[in-house]
Amino acid sequence: MIRDPEILNALLDSVGRFVRERLVPAENTVAETDEIPADIVQEMRELGLFGMTVPEEFGGLGLTMEEEVRVLFELCKTSPAFRSVIGTTVGIGSQGILMDGTEAQKAEYLPRLATGELMASFALTEPEAGSDAASLRTTAVRDGDHYVVNGTKRYITNAPHASIFTLMARTNPEDKGAGGVSAFIVDAKSPGISFGKIDKKMGQRGAHTCDVIFDNCRVPAANLIGLKEGQGFKTAMKVLDKGRIHIAAVCVGVAQRMLDDALRYASERKQFGQAIGEFQLVQAMLADSQTELYAAQCMVVDAARKRDEGLNVSTEASCCKLFASEMCGRVADRAVQILGGAGYLAEYGIERFYRDVRLFRLYEGTTQIQQIIIARNMLRALRA
Ligand code: COS
């Protein structure tokens, strides 16, 4: 749903200009330094990007899902590390509070998340609990008006910069599955929290992940999301349903950028006396990429609209994440192929995108997990 096309178009124009004038020229520096410059993060705050998904009553832009994906299509025509700076705050780190938090929890955190004063991060994955998220072992034991948290979380995006975590921990040791898990808002400065070294990754330099270790960390009971135990896994799954549409939109944006670069190269590079884009085998790669990109974009917009209508989009979200992330990988591969030797050289940038986009098929649920969710939902619908 688009509330006001004129306001949205103005936002899309500013984001597009920001990407072209500020982010694209900084891509190499970010890759070399592994840092997003502080002035760029500040400009993202000023553009309201940290508050994209926070309702207007709490000071955010209150974008609908359709508006959000359209902003992402523009914002992601550059290195995905830039999106990652805001990604966990607008997405998986904050949405649990919005979806299931009490009014007091929303009032306490959402306004400061919206301005980017606070950054949020999502702490679900553990060394022994990745795809099987419900088997997590981090414990939260009630002690008076606090919970005492112990355990380790792994691959936590933006953990080194986070002000708060949405943490999933087991409050009922008798229940080893999803029903024993609760969600908490945890201040990153709490005593008992320490951080592992920043992970060295295949790509997305400038986006940081690390382990987060909880050692007798005391979390106020008032920070139990929704003040209800045993609901944390469902909160995480609802957050991921939305997150997967968000990531699919990111894939569309990045794929568009790679295809634009490949198209430009194909029209300029000459071999056998003409631009390589005139050769049908190169055209096939361009056309297949355009077709799949268009399909992914249509899927993302459709799923976003359905979510805006209040429908359950668990299946659609997984279809989008699966198709768009795999599409993005294929477009990256073809872009390298079209650039040939230049595609393999760092200075042309495509090899960096090729490494960056590999993550899309892994995080917020691997392709195989999306397949499982889609098929399970189909079978459940048949039985219902
Ligand atoms: N929305 C709301 N509730 C949901 C839900 C959703 N999308 N998906 C599951 N639930 C509920 C189920 O209804 C069930 O509740 P009841 O016990 O009341 O029926 C409960 O949550 C447990 O669900 P389920 O039995 O399906 O859990 P499983 O352990 O079988 O796991 C998968 C399901 C594999 C789908 C889940 O573990 C998953 O998504 N794994 C990937 C995790 C991931 O994306 N990690 C990336 C980390 S974030 S970067």
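Note that the coordinates shown come from a computational prediction; the quantities given were computed from them, not determined experimentally.

K.L.:
Any chance you could break down the site of the ligand for me, citing the residues and the numbers?
P.N.:
Neighbouring the ligand are 21 residues; Ser131, Lys234, Asp241, Arg244 and Arg376 lie closest to it. At 2.8 Å, a backbone N or O of Ser131 approaches a nitrogen atom of the ligand. Ranked by residue count, the leading element in the shell around the ligand is helix 7 (residues 232–268), at 7 residues. Of the residues assigned to the shell around the ligand, the class counts are 9 nonpolar, 5 polar and 7 charged. When residues of the shell around the ligand are assigned to domains, at least three map to each of domain 2 (120–230) and domain 3 (234–383).

K.L.:
Give me the lowdown on the environment of Ser267, citing residues and values where you can.
P.N.:
Structurally, Ser267 can be placed in helix 7. Only 2.9 Å separates the side chain of Ser267 from the backbone oxygen of Arg264, close enough to count as a polar contact.

K.L.:
Tell me what's going on with helix 9 (residues 314–339), and back it up with residues and numbers.
P.N.:
Taking 1.5 Å of rise per residue, 26 residues should cover 38 Å, and helix 9 covers 37 Å from first to last C-alpha, within 8% of that figure. Across the 26 residues of helix 9, 19 count as buried, placing the element largely inside the fold. Of the residues trailing helix 9, Gly340 is marked for its positive phi of about 60°.

K.L.:
I'd like a description of the pattern of salt bridges, backed by residues and values.
P.N.:
For the coordinates displayed, the defined rule picks out 22 salt bridges. Between Arg70 and Glu66 there is a salt bridge, with the nearest N and O atoms lying 3.1 Å from each other. Taken as a pair, Arg70 and Glu66 lie in helix 3 (residues 65–75) at a separation of 4 residues, close to a single helical turn. Since its relative accessible area comes to 22%, Arg70 is described here as partly exposed. The partner of Arg334 in a salt bridge is Glu292, and the shortest N-O contact between them spans 2.8 Å. Highlighted residues: Arg334 in helix 9 and Glu292 in helix 8 (residues 280–308), separated in sequence by 42 residues. Like Glu292, Arg334 is buried. Each of Glu27, Arg257, Asp261, Arg264 and Arg352 takes part in a single network of salt bridges with overlapping partners.

K.L.:
Please give an account of a positive patch on the surface that cites residues and values.
P.N.:
A cluster of like positive charges, contributed by Lys197, Lys200, Lys201 and Arg205, occupies part of the molecular surface. With respect to the helices, strands and loops of the structure, Arg205 is situated in the loop between strand 6 (193–195) and strand 7 (209–220). The class of Arg205 is partly exposed, set by a relative accessible area of 38%.

K.L.:
I'd like to hear about the domain arrangement of the protein chain, residue by residue, with values.
P.N.:
Partitioning the protein chain into structural domains gives domain 1 (5–115), domain 2 (120–230) and domain 3 (234–383). If you average the C-alpha positions of domain 1 and of domain 2, the two centres end up 23 Å apart. In total, about 1700 Å² of surface goes out of reach between domain 1 and domain 2, with carbon and sulfur atoms giving 56% of it. On the domain 1 side of the contact with domain 2, Asp34, Gln105 and Tyr109 bury the most area, a combined 29% of that side's loss. Our enumeration of links across domain 1 and domain 2 arrives at 0 salt bridges.

K.L.:
Requested: an account of the packing of helix 4 (residues 80–90) against helix 7, with residues and values cited.
P.N.:
It is the contact of helix 4 with helix 7, at a shortest axis distance of 12 Å, that shows an interaxial angle of 165°. Classified by the angle their axes make, helix 4 and helix 7 are roughly antiparallel. As helix 4 runs across helix 7, the sense of the crossing is right-handed. Across the interface between the two elements, Pro80, Arg83 and Val90 from helix 4 touch His246, Ile247, Val250 and Val254 from helix 7. For the contact of helix 4 with helix 7, a count of residues per class yields 5 nonpolar, 1 polar and 1 charged.

Conventions we followed
- Residues numbered from 1 in each chain as written.
- Predicted model: local features only at pLDDT ≥ 70, side-chain atom pairs only at ≥ 80, totals over all residues.
- Heavy atoms only, no water.
- Near = heavy atom within 4 Å.
- Polar contact = N/O pair within 3.5 Å; in protein donor to acceptor, adjacent residues only side chain to side chain.
- Helix = DSSP H or I, 4+ residues; strand = E, 2+ residues; numbered from the N terminus.
- Nonpolar A, V, L, I, M, F, W, Y, C, P; charged D, E, K, R; others polar.
- Domains from an automatic or database assignment.
- Expected span 1.5 Å × (residues − 1).
- Buried < 20%, exposed > 50% of the residue type's maximum accessible area, 1.4 Å probe, protein only.
- Salt bridge = Lys/Arg side-chain N within 4 Å of Asp/Glu carboxyl O.
- Patch = residues over 30% accessible without salt bridge, like charges linked within 9 Å, V, L, I, M, F, W, Y side chains within 5 Å.
- Areas by Shrake-Rupley, 256 points an atom, 1.4 Å probe, with all protein chains shown as cover.
- Lys, Arg positive; Asp, Glu negative; His and termini not counted.
- Charge placed at Lys NZ, Arg CZ, Asp CG, Glu CD.
- Buried area = accessible area lost by both parts, 1.4 Å probe.
- Axes fitted to C-alpha atoms, helices over the stretch in contact; angles between N-to-C directions.
- Parallel < 35°, antiparallel > 145°, perpendicular 65-115°, else oblique.
- Left-handed = near helix turned anticlockwise from the far one by under 90°.
- Contact = heavy atoms within 4.5 Å.

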